[in-house]
Every structure is written in C-alpha cells, then in structure tokens.
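Now for the letters of each chain:
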Amino acid sequence: MNPHLDKLQPYPFEKLRQLFAQVTASPQHKAISLGMGEPKHPTPQFIQQALIDNVDGLASYPTTIGSDALRGAIAGWLERRYGIPKLNPATQVLPVNGSREALFALAQTVIDPAAKSLVVSPNPFYQIYEGAAYLAGAEPYFVNSDPARNFGCDYDSIPSSVWERVSLLFLCSPGNPTGAVLTLTDWENLFALSERYNFIIAADECYSEIYHGDKAPLGALEAAHTLGLSTIDKPYARLVVFSSLSKRSNVPGMRSGFVAGDADVLKKFLLYRTYHGGAMSPSVQAASIAAWNDETHVEQNREKYRAKFAAITPLLQEVLQVELPDAGFYLWADVSQTGLSDTEFAQRLYAEYNVTVLPGSYLARDAHGANPGRNRIRMALVAETEEGLEAAQRIVQFCKSLNK
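Residues numbered from 1 in each chain as written. Predicted model: local features only at pLDDT ≥ 70, side-chain atom pairs only at ≥ 80, totals over all residues. Heavy atoms only, no water.

**Overview of the overall build of the protein chain**
1) Next: In terms of regular secondary structure, the protein chain is built from 14 helices and 13 strands.
2) Next: In terms of overall size, the protein chain behaves like a compact globule, its C-alpha atoms giving a radius of gyration of 21 Å where 404 residues would be expected to give roughly 22 Å.
3) Next: Looking at the protein chain as a whole, 55% of its 404 residues are labelled buried.
4) Next: The long-range fraction of contacts in the protein chain, counting pairs at least 24 apart against all pairs at least 6 apart in sequence, stands at 75%.
5) Next: Summed over all atoms, the accessible surface of the protein chain reaches about 17000 Å², with 51% contributed by carbon and sulfur.
6) Next: Separation between the mean location of the 35 positive side-chain charges and that of the 42 negative ones in the protein chain comes to 3 Å. (Helix = DSSP H or I, 4+ residues; strand = E, 2+ residues; numbered from the N terminus. Rg over C-alpha atoms; globule rule 2.2 N^0.38 Å. Buried < 20%, exposed > 50% of the residue type's maximum accessible area, 1.4 Å probe, protein only. Contact = heavy atoms within 4.5 Å. Areas by Shrake-Rupley, 256 points an atom, 1.4 Å probe, with all protein chains shown as cover. Lys, Arg positive; Asp, Glu negative; His and termini not counted. Charge placed at Lys NZ, Arg CZ, Asp CG, Glu CD.)

**Points about the side chain of Ser 145**
1) Next: Looking at the secondary structure, you find Ser 145 in strand S4 (residues 139–146).
2) Next: Look at Ser 145 and you get buried, because its relative accessible area is 11%.
3) Next: Not counting the four nearest positions on each side in its chain, Ser 145 is found in contact with Asn 123, Pro 124, Phe 151, Gly 152, Cys 153 and Pro 372.

**Re the state of the cysteines**
Between two cysteines, a covalent bond joining their sulfur atoms is known as a disulfide.
1) Next: Under the counting rule described, the total for this entry stands at 0 disulfides.
2) Next: Lacking any disulfide linkage, Cys 153 is separated from the closest cysteine sulfur, that of Cys 172, by 11 Å.
3) Next: On the basis of relative accessible area, Cys 153 is assigned to the buried category, the value being 12%.
4) Next: Not part of a disulfide, Cys 172 finds its nearest cysteine sulfur in Cys 206, a span of 5.4 Å. (Disulfide = S-S within 2.5 Å.)

**Some words on the domain arrangement of the protein chain**
1) Next: As far as domains go, the protein chain holds domain 1 (10–42 + 297–403) and domain 2 (45–293).
2) Next: Distance from the C-alpha centre of domain 1 to the C-alpha centre of domain 2: 27 Å.
3) Next: On the domain 2 side, the residues contacting the 33 residues of domain 1 number 39 residues.
4) Next: Across the domain 1 to domain 2 interface the summed buried area is about 3100 Å²; carbon plus sulfur atoms make up 55%.
5) Next: Scanning the region where domain 1 abuts domain 2 turns up 1 salt bridge. (Domains from an automatic or database assignment. Buried area = accessible area lost by both parts, 1.4 Å probe. Salt bridge = Lys/Arg side-chain N within 4 Å of Asp/Glu carboxyl O.)

**Considering the UniProt feature "domain: Aminotransferase class I/classII large" (unreviewed entry) in the protein chain**
1) Next: With numbering aligned to this structure, UniProt lists the feature "domain: Aminotransferase class I/classII large" (unreviewed entry) at residues 31–383.
2) Next: Note that residues 31–383 is 38% helix and 17% strand, and that its end C-alpha atoms are spaced 12 Å apart. (UniProt positions renumbered as here; feature names shortened; annotations may be inferred.)

**Thoughts on a nonpolar patch on the surface**
1) Next: The grouping of Met 1, Leu 5 and Leu 8 at the surface amounts to a nonpolar patch, some 360 Å² of accessible area in total.
2) Next: Here Met 1 lies in the segment before helix H1 (12–20). (Patch = residues over 30% accessible without salt bridge, like charges linked within 9 Å, V, L, I, M, F, W, Y side chains within 5 Å.)

**Overview of helix H3 (residues 68–82)**
1) Next: Its 15 residues place the ends of H3 21 Å apart at the C-alpha level, agreeing with the 21 Å of an ideal helix rising 1.5 Å per residue.
2) Next: Listed in full, the buried residues belonging to H3 are Leu 70, Arg 71, Ala 73, Ile 74, Ala 75, Gly 76, Trp 77, Leu 78, Arg 81 and Tyr 82.
3) Next: Residue Gly 83 follows H3 closely and has a positive phi angle near 65 degrees. (Expected span 1.5 Å × (residues − 1).)

**Considerations on the nonpolar core**
1) Next: Ranked by size, the top nonpolar core spans 75 residues in total, and within it Leu 320, Phe 345, Met 379 and Ile 395 carry the most contacts.
2) Next: Here this core takes 6 residues from helix H14 (residues 385–402), the largest share from any one element.
3) Next: Ignoring anything within four residues of it in the chain, the contact list for Phe 345 reads Leu 320, Val 335, Thr 338, Leu 340, Val 357, Ile 377, Ile 395, Phe 398 and Cys 399.
4) Next: By size, the runner-up hydrophobic cluster in this structure holds 51 residues, among which are Ile 47, Val 120, Val 162 and Ala 220. (Core = buried A, V, L, I, M, F, W, Y, C linked by side-chain atoms within 4.5 Å.)

Now the structure itself:
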C-alpha cells in the first residue's frame, strides 16, 4: 500500500459523524444542515435541457482535452469576467471534472516526489490541498489566517529556508471558509515570491461568482494582467487557476470546471490527465457550454444569496461574533462568547435543536502554536432562505439558552 495514505486525516464530515455518534438529534425539530457546502438552489432549466438534448454524447469516448467549443466558451467567459486578453483555448484552457479532482491531480503533475518538497496551504483550508501534497510525496506547510488581516495569510512570515523548498502554493480566493478575497497587493507579493523561488501558484476560485458587494472579486489572471504579467514572453508563468460550475450554476453533480493559465504547466497536466483518465463526458461538455455562455442565471443566483445573507447575518450577530464575508456562501463565526468550544457548540446544537454546523477546528491544523479554526464554526447558507432563517432562529434560541 502507498505509505503516504497513512498521513491522511479523516475528512471533516467523517469527524463530524464521529462527534455526533454518541448523541441523538432533537426529535422536536426537523433536521437542518448548514454543514456541507453543497448548493441547494435549483439547477437552471436550460442547463438541464442542454444535457438532455445532448444525451447521445454518451455513445462516444470523450477526449481529455475537451471540445474546441467548450474550451472556447471557457476562454470567452474568462475574457468577459476578468477583462483579460482572450486566452488561447488550445494551450491555456483545459476542462476538468470539477475543480476538486483537478486540484488534487495538479500536485501529482508538478511535484517531484524525490525532492522532499513543501506545499504551502492556507490554514484553515480545503482538505484536498493537504491530501494532494502528501500523496505527491511532499509535505504541507500551513500559513494561518489572521482575523486582523480580514482572514488573510501573512506570507511574509515564511522564512526563505521554507520558500526554497516550495514547489506548489495552494490558495483559495474567495476563501473557504472565511470568504476573504486577495487584494492586488497580495497578488503582487505572491507573484514576486513565485518568480524568486520558482514555485507554481494554484489559485482555487470556485466561489468567485457569489459575492455580497458591488465589485466582483479580483481573480488571479486578472491580477496578473493588471500587473503586466500577461504580456511577457511566457504569459501567466507559474500560475494556474481553477474554477467550477458547481457553485456558479448550481450543478455540483455535473462535475464540470476548468484549469487555465501557464501553457507549459497545462501541457504537462494534459499529459498526466491522459493517463489518469480525466476526460469529461460529451453530454456534460454540451451542458457546460450553455452554462458558461449565460450570465443571467448567475446574476439571479447571486441575488438570492445576497438576500439570504442580508436576512440571516443580523440575526446571528445578536449572539455570535460574525460578519458578512467578502464573498462565498459561508459564515465563519466565533463562538467563544458562548463559553463552548467549536466542537461542543456543534454537538449541543445538533442534540438540542437538530441543526448541523461544522466545527472550525476540523477545517484547520495546529500550526505555529495555534489552530486558527478553533472556537469557530462554519455555516453553509446553501439552502433556500426560509430554511436558513429557521436554522438561524434556532441558533439564536440555543445561544440565549446558554445564558440562562
């Protein structure tokens, strides 16, 4: 067996299952889960119809590189969304079966297992980053998020002795679970570090289309273009961006996303995926083209999230330390004032009010003397507003009951 498998921790939801194993959920309340970040808004009808209309694609083997039409649609969306010069669909764009599997696979492509490399990851983080590092023969190096920096990571705190061993840096902007968005200054610093130490940046941007202010989150390719890094001899050098239709278009079961950026990295990634078996069904490709070419449903979806967060966040602020995030569909709340730890809070809320939230410590690791997820909970506001409001009202009741 691969010895690196022994380094993997249980997934957060398995830890949650174990936490709840010894308690019974309140039978007086209908179950409401804010635990998993799985979109619950309806899939747009036109995407479903595109899938149905192209179901005969199941009769054909797909190509790993995907159709010209799909790669062109993705390149066109990137141009419209970020105001960047259109990428070369043949060399700078690659369809993938959701960003999750692609994030994992990239590490297997770009890391030399004999080099004893490090993979930099934010902390808290999406657990795929850690698993990808271990199974590629590397070690993760965690950089703690800081509430005083809008939950940003202080990459300047990393010593040069660490940077010299880094092969890959994972980041998520907008962040999971914090919703924090990197600024242009943040990107400029990271690009300079990437050039100095020759590591690849993997930018996970799957939450980019759900935001609460008027201005869309800055993307990695957009930042590189603004800083003049899209017009050099090797445009977007050492930068690859991951995105997905799951959150944007409410199609998590379609498993459709893309990787875009450095053509040299994508050439090797395509070779890896040809052997790995990462081809997308022609039927899903057709439905994906329809989704990437339409923005009306994305705007409508975003407005639903905005209305939901506007209604729910003030309720929770009565009893918890929580703020409206920059973007994404999570609330990242501090439960310290309740006198309970994050795991105690989640367990008792489930037992007494049948509401599931995810302990923040399950999304982070002890690093540099702290676990930045400790005493926080993540709430995924993915269901319809009525259910979210009901969950929030129960959380308020629970918190107030602790003070009696």
